[in-house]
Amino acid sequence: MIINKINGLSGEVTVPGDKSISHRSIMLGSLAKGTTEVKGFLQGADCLSSISCFSKMGVEIENKGDIVLIHGRGLRGLKEPASTLDVGNSGTTTRLMSGILAAQNFTSRVTGDASIQKRPMKRIITPLSMMGADIKSEFGNDCAPLIINGTSLRGIHYDSPVASAQVKSAVLFAGLYADGETSVTEPAVSRNHTELMFEEYGVDIKCEGKTVVMKPADELHARKVIVPGDISSATYFIVAAAITPNSCVTIRNVGINPTRDGIIEVCRMMGANITIEKTSGDIGEPTADITVSTSSLKGCTIGGDIIPTLIDEIPAIAILACFADGETIIKDAQELKVKESNRIDVVVNNLKAMGADIEATDDGMIISGGKVLHGAVIDSKLDHRIAMSFAIAGMNADGETEILGSECVDISYPEFYNDIKRLSK
Ligand code: S3P
């Protein structure tokens, strides 16, 4: 994909449904009694991987585009898959589904693409094993393929060393089947979609500070799910509108759950022109229309408990920082190294190639804003968030930017380039 400088960005956009909530709707819908109707489901490759895995376990899922119907089989109704469960590029499918598979009365094998086979799975193997799960890394390297022999599980308290919703959720999904209470404490609160949706599906679950406590479930009750727009996808328009001259963009119906809204706080810290107008929301998830216009930005320091609330937005925030006066420091974000790519290295190397003043640190990066960016060949490493962040950078760089592997936006935002084109002047 070739990207050229634009003269402005204006209009309205509705970004696709939230990826995290879409995955969870398939999993909870599959385990519930009755039919779950999901509106606004994200038709991205990652969520389609969740559909294909649960279909392989006997769940009838009707994908009608914007609406998905999941005919749940009940907590004990999954069938042994005839072959390997292929999660594609999806870490969320791998980790959350493993918590479910640990408690089934069959054995399963879970693997995915080259990126998935490099991502750390010890973080779920450890707590699930504490619950009594029989889960192994096939090649003994703590990565997928995973072999999971379903068995009975016990409730535990888990003090998680990482603020990770995928780890927390793997334990909570396993907790549905445990013989007693399950609880997880995190170093900082990560996204809480699992907790909110468990409550909606009838699970006895409570959150107190950084701890969540739940009881095992007898039955889950199907319900309608309306998926809000994904704030992670909205971020590309937020950043693009703030850094591009002559711009004003409204992003409709975006999920602004407080465990996900760190990008809004960063925009405020950096002095962006951003307004938030709350809309109705559903399943405990607040939503808003977000309007952003061309802004004069200043650098800031981003670290501590805010990091999990914007972890997927950091590549785009790095682009924002290149257009701010002064220094932006991003710290406490070592988790970036174990995402779809090593996002510290990939962001820093690609921004250096465009002429930015940026240095990698052990747990983040330091950016001195104000250098004029020039076009370059950007290796996305097939990481969707890198491809979209650098498309935004390329729209504000002199000359031509080429994004290698640009089609990887299919993971979370298949229509991304069309939406950008439509709003560009
Ligand atoms: C996700 C949690 C986050 C995030 C990922 C989706 C989820 O990962 O980066 O894109 O849906 O639970 P971690 O839990 O590994 O931080």
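Remember, predicted model here, so these are calculated numbers, not experimental data. (Residues numbered from 1 in each chain as written. Predicted model: local features only at pLDDT ≥ 70, side-chain atom pairs only at ≥ 80, totals over all residues. Heavy atoms only, no water.)

Engineer: How do you make sense of the site of the ligand when you look at a structure like this?
Structural biologist: Close contacts around the ligand come from Lys-19, Ser-20, Arg-24, Thr-92, Ser-164, Ala-165, Gln-166, Arg-191, Ile-311, Asp-312 and Lys-339, and that covers them all. The contact in question runs from an oxygen atom of the ligand to an N or O atom on the side chain of Ser-164, over 2.7 Å. Lys-339 places a side-chain nitrogen or oxygen 2.7 Å from an oxygen atom of the ligand. In the complex, the protein chains occlude 95% of the 380 Å² of accessible area that the ligand would expose alone. Breaking the shell around the ligand down by element, the ones donating at least two residues are α1 (19–31) and α5 (165–175). Along the lines of polarity and charge, the residues of the shell around the ligand split into two nonpolar, four polar and five charged. (Near = heavy atom within 4 Å. Polar contact = N/O pair within 3.5 Å; in protein donor to acceptor, adjacent residues only side chain to side chain. Areas by Shrake-Rupley, 256 points an atom, 1.4 Å probe, with all protein chains shown as cover. Helix = DSSP H or I, 4+ residues; strand = E, 2+ residues; numbered from the N terminus. Nonpolar A, V, L, I, M, F, W, Y, C, P; charged D, E, K, R; others polar.)

Engineer: Is there a simple way to explain the state of the cysteines in this structure?
Structural biologist: One way to say it: the disulfide is the covalent bond shared by the sulfur atoms of two cysteines. Within the structure shown, the criterion is met by zero disulfides. Cysteine Cys-322 remains unbridged, with the sulfur of Cys-300 as its closest cysteine sulfur at 13 Å. Cys-408 forms no disulfide, and the closest cysteine sulfur to it belongs to Cys-47, at a distance of 15 Å. (Disulfide = S-S within 2.5 Å.)

Engineer: What am I meant to see in the sheet that holds strand β24 (residues 377–379) here?
Structural biologist: Hydrogen bonds between backbone atoms are what pair the strands of a sheet, whose relative direction is either parallel or antiparallel. With mixed pairing, the three strands of this open sheet are ordered in space as β1-β25-β24. Edge positions in the open sheet fall to β1 (2–3) and β24, since each of these has one partner strand only. When β24 meets strand β25 (residues 401–404), the two strands line up parallel, connected through three bridges. Bridge pairing in β25 links Asp-379 to Leu-404. Each of β1, β24 and β25 is contacted by helix α11 (residues 384–394), which is oriented at about 175° to β25, the strand it contacts most. (Pairing = 2+ DSSP bridges. Contact = heavy atoms within 4.5 Å. Axes fitted to C-alpha atoms, helices over the stretch in contact; angles between N-to-C directions.)

Engineer: Would you mind going over the pairing of β25 with me for this structure?
Structural biologist: Side chains Thr-401 and Ile-403 project from β25 onto a buried face, and the interleaved Glu-402 and Leu-404 project onto a face without burial. The sheet contact formed by β1 and β25 spans two bridges and is antiparallel. Bridging across to β25, Ile-2 finds its partner in Glu-402. Regarding the hand of the β-α-β motif, the stretch spanning β24, α11 and β25 is right-handed. (Buried < 20%, exposed > 50% of the residue type's maximum accessible area, 1.4 Å probe, protein only. Right-handed = clockwise from strand over helix to strand, strands pointing away.)

Engineer: What exactly am I supposed to notice about the side chain of His-193 here?
Structural biologist: If you trace the backbone, His-193 turns up in helix α6 (residues 193–200). Judged by relative accessible area, His-193 falls into the buried class, the value being 1%. If sequence neighbours within four positions are ignored, His-193 has contacts with Asp-18, Ser-20, Ile-21, Arg-24, Asn-257, Arg-260 and Glu-285.

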